[in-house]
Structures are given as structure tokens and as C-alpha cells.
Amino acid sequence: MSDAEKQSRMNDTLREVIQTLIDGQEGFQTLGEHLKDDMLRRYFLAESLKRARFRADLENELHRAGFHDVKESGTIAGTMRRSWGDLKAKLGGGDYSLLATAEQGEDSTKKVYSKAVEEALPLPVHKMLSEQYAHIQTAHDYVRNARDRRKAA
């Protein structure tokens, strides 16, 4: 594979991850604003900021690689999930319902990261993605466990 092909593959991979991070950032923000549990609300808002930092780190990597037009938006699926979560909140859906929506989003994020860390990327980029992926998995489990606790209650 040529250097140009490697650069293109890195660009495509990071842009896909960035789109997913935008979905997560906006999703955690939107759902967090509707959660009734104060501790969960703070967690969701902090997680939104964490996704913004992950995104900035990856955008910086693209800039270093010579890709300067890094304007991205989220995915259509992410937008639909946020809208669905917002609708659930407005219709009186409780924290369980909102956490279920968040967990679905985290499932998608895990899939994108899993695919990204399988790519042959430069070591510093791979290391960054792997560290972010570990956090994503922990956040997913936290959201899933919080959802399950509300289901049992």
C-alpha cells in the first residue's frame, strides 16, 4: 500500500470516528439535560465534554497529516437517536428510557471504534484510538448498568 493510500485510509477512518464522536457528544448533552437523576445528569454532561476532547485530538491528528478541511457533522442515525430520545423525554419517558437510548448509541460507537483499531494506522494514532476505545467501553458499561439498575427498581 502506498503512502498516499495509507493517508487516505487514515483520513477515512478518523473521519468516521469523528462523526460518531459528534453523535455521542450531542447525544450525551441532549439526553443529559432530560435526566432526572442529578448524578447521571452530571455524568452525561461530563461525557459530552470528553467526546468533544476525543474529537479535537483526532482532528489535530488529521491536521498534522495534512488534512485541513475537517468540518464534520454527526450521522443520520445519531440525529435520529437524539430526536427519539428528546421525544421520549417530552412524552414523560423516565431515566430508564433515556438510558436505553444512550446505550444504543454507545453500541454504535463501540462498533466504529472496534473497526478503527483494526486498521493499520500510524502507531501514535492507533494508540490514541485504543485509549479512547477503552474509555468508550467503560462509558458504555456505565450507561448499561445504570439502565439495568432502573429496570430492576
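Our structure is the block above this text.
Just so we're clear, the structure is a prediction, and the values are computed from it rather than from any experiment.

Caption draft 1: Highlighting the packing of aromatic side chains. All told, the structure shown has four aromatic pairs when counted by the stated rule. Their ring planes at 65° and their centres at 4.9 Å tell us that F28 and F44 sit as a pair that is edge-to-face. Of this pair, F28 sits in helix α1 (residues 3–34) while F44 sits in helix α2 (residues 38–64), and the two are 16 residues apart along the sequence. Judged on exposure class, the residue F28 and its partner F44 are both buried. Taken together, the ring pairs connect F28, Y43, F44 and Y142 into an aromatic cluster.

Caption draft 2: Representation of α2. When the terminal C-alpha atoms of α2 are compared, their 39 Å separation across 27 residues agrees well with the 39 Å that a helix rising 1.5 Å per residue should span. By the burial criterion, the buried members of α2 are L40, F44, E47, S48, R51, F54, L58, E59, E61 and L62. Backbone nitrogen of M39 and a side-chain oxygen of the N-cap are separated by 3.0 Å at the start of α2; the cap is D37. Of the residues flanking the end of α2, it is G66, one or two places downstream, whose phi is positive at about 100°.

Caption draft 3: Layout of the nonpolar core. In terms of nonpolar packing, the biggest core is built from 19 residues, with L14, V17, L21, L58, Y113, V125 and L129 touching the most fellow members. Elements with a contribution of two residues or more to this core: α1, α2, α4 (95–117) and α5 (123–152). Among the elements that take part in this core, α1 stands out by supplying six residues, more than any other. Residue contacts for L58: discarding those within four places in its chain leaves L14, V17, I18, L21, Y113, M128, L129 and Q132. Of all hydrophobic cores here, the second largest spans ten residues; its members include L31, L98, L99 and A146.

Caption draft 4: Quick peek at the pattern of salt bridges. Counting across every chain of the model gives 13 salt bridges. We note a salt bridge from D37 to R150, for which the minimum N-O separation is 3.1 Å. One end of the pair, D37, is in the loop between α1 and α2; the other, R150, is in helix α5, and 113 residues separate them in sequence. For R150, a relative accessible area of 25% translates into the label partly exposed. Close ionic contact of E106 with R51 constitutes a salt bridge, the shortest N to O distance being 2.7 Å. On the criterion of sequence distance, the pair formed by E106 in helix α4 and R51 in helix α2 is long-range, its members being 55 residues apart. A relative accessible area of 2% places E106 in the buried class. A relative accessible area of 0% means that R51 is categorised as buried. One network of salt bridges, with partners in common, ties together D38, R41 and R42.

Criteria and thresholds
- Positions within a chain are numbered from 1, following the residues in the order the chain's sequence is written.
- Owing to the predicted nature of the model, reporting of local features is limited to residues with pLDDT of at least 70; listing and counting of side-chain atom pairs is limited to 80 or more, with chain, interface and lining totals taken over all residues.
- Excluded from the side-chain calculations are hydrogens and water; all other atoms, namely the structure's heavy atoms, are used.
- The aromatic pairing rule takes the rings of Phe, Tyr and Trp, using the six-membered ring of Trp, and pairs them if the centres are within 6.5 Å, calling planes under 30 degrees apart stacked, those over 60 edge-to-face and the rest tilted.
- Going along the chain from the N terminus, every DSSP run of H or I of four or more residues is numbered as a helix, and every run of E of two or more is numbered as a strand.
- Only protein chains enter the calculation, and the probe is 1.4 Å; a residue is then buried if its accessible area is under 20% of its type maximum, exposed if over 50%, and partly exposed in between.
- Helix span, as expected, comes to 1.5 Å for every residue beyond the first.
- Pairs of N or O atoms within 3.5 Å make up the polar contacts considered here, provided that, within protein, one atom can donate a hydrogen while the other can accept it, and that residues adjacent in sequence are counted only when both atoms are side-chain atoms.
- Among buried residues, those of type Ala, Val, Leu, Ile, Met, Phe, Trp, Tyr and Cys that are joined through side-chain atoms within 4.5 Å constitute a nonpolar core.
- Contact between two residues is taken to exist if any of their heavy atoms lie within 4.5 Å; hydrogens are not considered.
- A pair is scored as a salt bridge if a Lys or Arg side-chain nitrogen falls within 4 Å of a carboxyl oxygen belonging to Asp or Glu.

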